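# Reading the structure
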Amino acid sequence: MQDKLKLLLAALLVVAGIAGFYLVPEGQGFLRAIAFVAGLLAAGVVMWLSTPGRAFVGYAQESVVEAKKVVWPTRKEATQMTGLVFLFVLVLALFMWIVDSGLSWLFYDILLGRG
């Protein structure tokens, strides 16, 4: 129950930051930004103090570790794969055009005689 209240408080702090942004006059852009960022930071602190917030931070840290393990393709490999995709799309478009033209010829010229 305590964690639910902390999450609710964090959501209310985000809403308060947004409200503070809109309540400050437009001419004071820096103060508007400060109000919004302060609301987000306060919500972040409250989230950090909750169990789901700490679990999310742990998950995010594990995600960064896993992303560092990814072997990204070289520029040459990426270019080759992109070329293959374009070639496949071109061949498929040509095939579909041939099938469409053939069926159009068959139905309109041969069967219906509207040539």
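Scoring rules and cut-offs
Residues numbered from 1 in each chain as written. Predicted model: local features only at pLDDT ≥ 70, side-chain atom pairs only at ≥ 80, totals over all residues. Heavy atoms only, no water. Phe/Tyr/Trp six-rings, centres within 6.5 Å; stacked < 30°, edge-to-face > 60°. Buried < 20%, exposed > 50% of the residue type's maximum accessible area, 1.4 Å probe, protein only. Lys NZ or Arg CZ within 6 Å of the ring centre and 35° of its normal. Axes fitted to C-alpha atoms, helices over the stretch in contact; angles between N-to-C directions. Helix = DSSP H or I, 4+ residues; strand = E, 2+ residues; numbered from the N terminus. Parallel < 35°, antiparallel > 145°, perpendicular 65-115°, else oblique. Contact = heavy atoms within 4.5 Å. pLDDT = per-residue confidence, 0-100. Expected span 1.5 Å × (residues − 1).

## Regarding the packing of aromatic side chains
In total, this model carries two aromatic pairs according to the counting rule given. Ring centres 5.1 Å apart and planes at 90 degrees place the aromatic pair Phe21 and Tyr22 in the edge-to-face group. According to the relative accessible area criterion, Phe21 is partly exposed, its value standing at 27%. Grouping aromatic residues by their ring pairs yields a cluster made of Phe21, Tyr22 and Phe36. Sitting above the plane of the Phe21 ring, Arg32 keeps its charged end 4.2 Å from the centroid.

## A closer look at the packing of helix α1 (residues 2-23) against helix α2 (residues 29-48)
One can describe the packing of α1 onto α2 by two numbers: an axis separation of 7 Å at closest approach and a directional angle of 175 degrees. Taken together, the axes of α1 and α2 are roughly antiparallel relative to one another. Here α1 contributes Lys6, Leu7, Leu9, Ala10, Leu13, Val14, Gly17, Ile18, Gly20, Phe21 and Tyr22 to the contact with α2, which in turn contributes Arg32, Ala33, Ala35, Phe36, Gly39, Leu40, Ala42, Ala43, Val46 and Met47.

## As for the environment of Pro52
When you line up the elements, Pro52 lands in helix α3 (residues 51-68). For the pair Pro52 and Leu7, spaced 45 residues apart in sequence, the C-alpha separation works out to 8.6 Å. Once residues within four sequence positions are removed from consideration, Pro52 is found in contact with Asp3 and Leu7.

## A word on the confidence of the model for the protein chain
Per-residue pLDDT for the protein chain has a mean of 92; in total, 99% of the residues score no lower than 70. Across the protein chain, the element-wise mean pLDDT spans from 90 in α1 up to 95 in helix α4 (residues 75-111).

## A look at the side chain of Arg32
Among the secondary structure elements, Arg32 is positioned in helix α2. In contact with Arg32, not counting residues within four places along its chain, are Phe21, Tyr22, Val24, Pro25 and Glu26.

## Points about α4
Taking 1.5 Å as the rise per residue, α4 with 37 residues should run 54 Å; its terminal C-alpha atoms sit 52 Å apart, in good agreement. Taken from the residues just after α4, Gly113 is the one with a positive phi, measuring 65 degrees.

## A look at the side chain of Ser50
Summarising the element assignment, Ser50 is placed in the loop between α2 and α3. When residues no more than four places from it in sequence are discounted, the contact partners of Ser50 are Asp3, Lys6 and Leu7.

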